[in-house]
Amino acid sequence: MAKLVSRRNPYIIGRPIDDPKLLFGRQDLFCLLEDNLNQGIKVTLLHGQRRIGKSSIIRNIPKSVQLENFVFISFNLEDYTRENLSKILADLAQEIVEHLEIDSQKIKLPSIEELDKEPYIFYSQFLTKVLDWLDGKRIVFLLDEFEALSDRYSASRLENFFSYLHSLIEVEDKLFLIMFAGRQTANIPNLFNYFQDASTCEIGFLNKDSATQLITQPASGILEYEPEAIQAIIELSAGHPYFIQVICFAIFVRARELDESHINRQDIDNIVDKAIENAEAGLAWFWDGLTIPEKIVFSAVAESQKIAIEKFKTVPESLFKLLNKYEMIKIEALEKVVKELIAYKFLDEKGEKIKIELVRRWLLQRHPLRQEIKELEKLNQEENYSSYKNKNNLAIEEKKLNNLDNNYNNNLVLSAKNSKSAVAERPLSLNNEDCYTSISSELARLSIPRSLEHIRITIQDNQQESEIPQQEEKYQSTSKLKIYPLGKSRLSKFIYFLAIAGTMTICAAFVGIGVGYFSSRCLANENKVLGVFCAENPKMNLSSGDRTFFPIINNTYRDQAIESFKIGDYPAAVKLFQQAVESDRTDPEVLIYYNNARAKEKGKPLTLAVVVPADNTKSAQQILLGVARVQQEFNDKNDSNGRLLSIIIANEGNGQEPEKAKQVAAELIKSKSLLGVIGANYSEATKTALTEYENVGISVRYFTSTKNIKLKIKELLTSNSVIN
């Protein structure tokens, strides 16, 4: 065996595999795809757990599906959750032209503006010409992260996209779809209504032979595994390729340290904790995507298995028996959850054991059952407190309303012509059906005229946005007050009351009662919990332009630009951020966001992240100033014919919080488009997160002063073959 010293680790954690020789156990899948295309099956839907290897499969389909009369176009939908149909189609057209290396002079790309007016020119004026250019060949769209469009904010966009894709494959014989989605596929609304004839296939775990190949072949000639060691790895991973790579990565590191090439079962036992540590960021998706009942069941099964092992039992006791001691949990509600986790392949067929042993051990370390029960108890307490506050506030408001009624009822006589006045807008934080029913009756009791069509109580889903009537409806008369019931929005947390002011100022005063506590704003890195409490959210530590880390700096243009950026209106965001820059040229954050909006508007940005201690405003601003100057210079140089640079700002707090740095890293590495990370060399917190980035193959560059930031950014772009 060769010496291991200075050998590069051959196992890959988190990065897609480009070499078909290193992609084991997927040949049957490639054969299925080949057969489907040969038989003219227009749509194939592939689904599976996260980290199961979808991206690796996508990259290898063109190399492994041997069909000369087909061309494959990959398109990732991850970044399009808030984009409209015209933007998606415009970028898809751009991807087709670039992949096929078509001269843009021969086939004109449709613009977003043109697609807004008539979406079907994508087919009639673009795709038909591409197919003619291909001279008989067929196109297969490989659509990754399909479930990214299925969040509750994207329902209408999803429907439009489904409908459009269905129309395309109906009219074009030479177009085929292969769609990739996660375990939520079955929950995507109307998916199978549009694609009833789709062929579906699960991307599952590797069988024993394929798992053995993945264990032994990358380190062939370097490591020698005993059969018992191979079996131990398979038992820990259940054949999940990501966890095999995680375990083997740790084995190789230890073997290299000891300069030992022979691997036995004891060696596997020695690296389990290190493997769990290396997989920390990747394991987050196992947890973050679960509901609270799923988390309770998951932790309960892990606890039940632990008890069985300690008592030398082969069959764990029923998790429902274990949970019976917690009276607050309804066992009946958890039975369905168990079935779902079995279907997701998180639990075994009987629901008694966690499928992946490494995940079970991680759960016992990070998410023990007692801890999850406490989280549920805390949530229930918050809900009860919220309900109590709502009822208490309602009682106070009813008392005040009675006083208002007694004092002003005789004076509230308004004519329709007096109702055409300005809109008074005040948030009313009530999350209870009785609340808005009572408000409705009180409004009626206060003799509000029927002609006020624009008075609305509007339920919004997690968004503090007021619903303003269309201009043409503004002065129409109506026979009733419009109330949108809470039951129509499953996660509704905010109620907004819009009223015509004018002589109705008394109503505006009524709406403002009792709002203070519930409408208080959270910090930049916090979210509202249950519409009331502020809690830290790791995702809020990242921003490309959708929040500011320096709210103490007053800049109205910046705040307006952020709102435009949030909804994907990048042209408006560009103009507003430019005005924000002109209004305060000392603030590098707005200059970065201005260039980010430019990059988003142009499409397919090059993405880097900069980690800063945003709690230390002076230090963070110095770092961002260096980054902003480099980004501005790069984008000005490439604006006419190249991709622009976008910067994600990542807040690691004060630079002295290792755990926060790890949280930031865990969020950053979820972005598949991230090319690299830069951070200050003196930040110990950033250094602790280095392993998280290395595990997924993301390059990190540290700078010792702001003067060499440009060099470090250039190194990252060069290493990714973006620039020479």
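Owing to the predicted nature of the structure, the values given are computational and were not obtained by experimental measurement. By convention here, each chain's residues receive numbers from 1 onward along its written sequence. The model is predicted, so local features are restricted to residues of pLDDT at least 70 and side-chain atom pairs to those at 80 or more, both for listing and for counting; the totals for chains, interfaces and linings are taken over all residues. As a convention, hydrogens and water are excluded, and side-chain values are obtained from all of the structure's heavy atoms.

A. Highlighting the overall build of the protein chain. Counting its secondary structure elements, the protein chain contains 27 helices and 18 strands. The buried label goes to any residue with under 20% of its type's maximum accessible area, the exposed label to any with over 50%, and the partly exposed label to all in between, with areas taken from a 1.4 Å probe on protein chains only. Burial status across the protein chain gives 51% buried among its 724 residues. We call two residues in contact when some of their heavy atoms are within 4.5 Å. The contacts in the protein chain between residues at least 6 apart in sequence include a share of 75% that link residues at least 24 apart. In DSSP terms, a helix is any run of H or I states spanning at least four residues, a strand is any run of E spanning at least two, and both are numbered starting from the N terminus.

B. Broad picture of helix 5 (residues 121-134). Residue count minus one, scaled by 1.5 Å, sets the expected span of a helix. End to end, helix 5 covers 19 Å across 14 residues, agreeing with the expected 20 Å (1.5 Å per residue, within 8%). One axis fitted to the seven residues ending at a residue, another fitted to the seven starting there: the angle between these axes is the bend at that residue. Along helix 5, the largest kink reaches about 35 degrees and is centred on Leu127. Ile121, Phe122, Tyr123, Phe126, Leu127, Val130, Leu131 and Leu134 are the residues of helix 5 that are buried. In the stretch just after helix 5, Asp135 is the one whose phi turns positive, near 55 degrees.

C. Region of interest: the nonpolar core. Definition of nonpolar core: a set of buried residues of the types Ala, Val, Leu, Ile, Met, Phe, Trp, Tyr and Cys, connected through side-chain atoms within 4.5 Å. Residues Leu223, Tyr225, Ile251, Val297, Phe298 and Val359 are the most contacted members of the largest nonpolar core, which totals 64 residues. Judged by nonpolar contacts, the second largest core, of 42 residues, contains Phe549, Val630, Ala680 and Leu716.

D. Broad picture of the sheet that holds strand 3 (residues 138-144). Taking strand neighbours across the sheet as the criterion, the five strands line up as 2-3-4-1-5 in an open arrangement whose pairing is parallel. Only two strands of the sheet have a single partner each, and these edge strands are strand 2 (70-76) and strand 5 (199-202). Each neighbouring strand pair of the sheet contributes to a mean axis angle of 20 degrees, computed without reference to strand direction. Pairing between strands is defined by DSSP: at least two bridges between them are needed. In this sheet, strand 4 (residues 175-181) lies alongside strand 1 (residues 43-47) in parallel orientation, the contact comprising five bridges. Bridging across to strand 4, Leu45 finds its partner in Met179. Inter-axis angles, ranging from 0 to 180 degrees, are taken between N-to-C directions of lines fitted to C-alpha atoms, where helices are fitted over the stretch in contact. In this fold helix 1 (residues 27-38) packs onto strand 1, strand 2, strand 3, strand 4 and strand 5, with an angle of close to 160 degrees to the strand it touches most, strand 1.

E. Structural view of the packing of aromatic side chains. Paired rings are identified among Phe, Tyr and Trp, the last through its six-membered ring, by centres lying within 6.5 Å, and are further divided according to the angle between planes into stacked (under 30 degrees), edge-to-face (over 60) and tilted (the rest). The full count for this structure, using the stated rule, is twelve aromatic pairs. Between Tyr344 and Phe346 the ring centres are 6.0 Å apart and the planes differ by 65 degrees, which places this aromatic pair in the edge-to-face class. No difference in accessibility class separates Tyr344 from Phe346, as the two residues are buried. Look at Phe577 and Tyr593: their rings are 5.7 Å apart centre to centre, the planes differ by 55 degrees, and that puts the pair in the tilted class.

F. Looking closely at the layout of surface pockets. The calculated volume of the second largest pocket comes to roughly 840 Å³. Both site types are read off a 1 Å grid over the protein atoms alone. A 1.4 Å probe that fits but cannot get out defines a cavity, while an open set with protein on both sides within 12 Å along at least five of seven lines defines a pocket; lining residues have an atom within 4 Å of a point. Along the wall of the second largest pocket there are 30 residues; nearest its centre are Lys87, Asp91, Ile112, Glu601 and Lys602. Listing elements by their share of the lining of the second largest pocket, those giving two or more residues are helix 3 (85-100), helix 4 (112-117), helix 21 (570-583) and helix 22 (588-602). A total of six residues in the lining of the second largest pocket trace back to one element, the largest contributor, which is helix 3. Its residues assigned to classes, the lining of the second largest pocket shows seven nonpolar, nine polar and 14 charged. Grid points are joined across faces, edges and corners, and a volume is the space filled by probe spheres set on the points. Just so you know the grouping, Ala, Val, Leu, Ile, Met, Phe, Trp, Tyr, Cys and Pro go in nonpolar, Asp, Glu, Lys and Arg go in charged, and all remaining residues, Gly too, go in polar.

G. Quick peek at helix 11 (residues 265-278). With 14 residues, helix 11 ought to run about 20 Å at 1.5 Å a step, and its terminal C-alpha atoms sit 20 Å apart, in line with that. Roughly 45 degrees is the biggest bend found in helix 11, and it falls at Ile271. Looking only at helix 11, the buried set comprises Asp267, Ile268, Ile271, Val272, Ala275, Ile276 and Asn278. Under this definition, polar contacts are N or O atom pairs within 3.5 Å; protein pairs additionally need one hydrogen-donor-capable and one acceptor-capable atom, and for neighbouring residues in sequence, both atoms have to be side-chain atoms. Of the residues that open helix 11, the one with a side-chain oxygen 3.1 Å from the backbone nitrogen of Gln266 is Asn264.

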